[in-house]
Amino acid sequence: MADLLVRRVEASDRVLMERLWLMFRHDLSEFQGQLPRPDGSYRSEWLEKVLTGDPEWAGYLVSLGDVPIGFCFMRALQQPVHVLNAFFLVRPARRRGYGLKAVTEVLSHHPGPCDVAFQRNNETAVRFWQRVATEVSGDAWTQEERPIRGNPDATPDLWISFKV
């Protein structure tokens, strides 16, 4: 894992990030049931906040050498509790330790209380985020269901809270 690199997303990364974003949203569609828009895209307001330098957001590109394998977004950076908002690795890079290493690297830049949300029906994500929380804060983390804002009929997300 010596060649795993995590760096801030820059505006010049737009095309690369749009491609990774499409893969991320496609993966999530399995658990959220969201179909693409008529042009084949998915909602991308979070990506736009990262690419346009919104001070509440930070995006990180994850690479193996010069090969991009994923990203991690943090938000609520000026709030008391930061939110790890989005995380994605391409399928061939999963279950090799890269995800845990990348997330702990990103979190090291944002100390303090942190929340992360994910879908209960994504069993791999449940196990991964519980492992991250334990790695970062030992047994001092909590997990709870929270309704999805603006979508009261949707299955609530699971949220894990911990301190970096």
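What you are looking at is a predicted structure, and each value in this text was computed from that prediction instead of being measured.

A. Representation of helix H4 (residues 123-137). Spanning 15 residues, H4 covers 21 Å between terminal C-alpha atoms, matching the ideal 21 Å at 1.5 Å per step. Ala125, Val126, Phe128, Trp129, Val132, Ala133 and Ser137 are the residues of H4 that are buried. Contact partners of the buried residues in H4: strand E4 (82-89), helix H3 (98-108), strand E5 (113-118) and strand E7 (157-163).

B. Quick peek at the sheet that holds strand E6 (residues 142-146). Reading across from one edge, E1-E2-E3-E4-E5-E7-E6 is the order of the seven strands in this open sheet, with mixed pairing throughout. Every other strand in the sheet has two partners, leaving strand E1 (4-8) and E6 as the edge strands with one partner each. Each strand axis lies, on average, 25° off the axis of its neighbour in the sheet, ignoring direction. Alignment of E5 against E7, held across six bridges, turns out to be antiparallel. From the neighbouring strand, phenylalanine 118 faces E7, where its bridge partner is leucine 158.

Cut-offs used in this document
Starting afresh in each chain, residues are numbered from 1 along the sequence in its written order. Reporting in this predicted model follows two pLDDT cut-offs: at least 70 for local features of residues, and 80 or more for side-chain atom pairs to be given and counted; totals over whole chains, interfaces and linings ignore these cut-offs and use all residues. Values shown for side chains rest on all heavy atoms present in the structure; no hydrogens or waters enter the calculation. Secondary structure elements are defined from DSSP: runs of H or I of at least 4 residues count as helices, runs of E of at least 2 residues count as strands, and each element is numbered from the N terminus. Expected span, for any helix, means 1.5 Å times one less than how many residues it has. Each residue gets one of three labels from its accessible area relative to the maximum for its type: buried under 20%, exposed over 50%, partly exposed in between, using a 1.4 Å probe on protein chains only. Whether two residues are in contact is decided by their heavy atoms: any pair within 4.5 Å suffices. Two strands qualify as a pair provided DSSP detects at least 2 bridges between them. Note on geometry: axes are C-alpha line fits, over the in-contact stretch for helices, and angles between N-to-C directions span 0 to 180 degrees.

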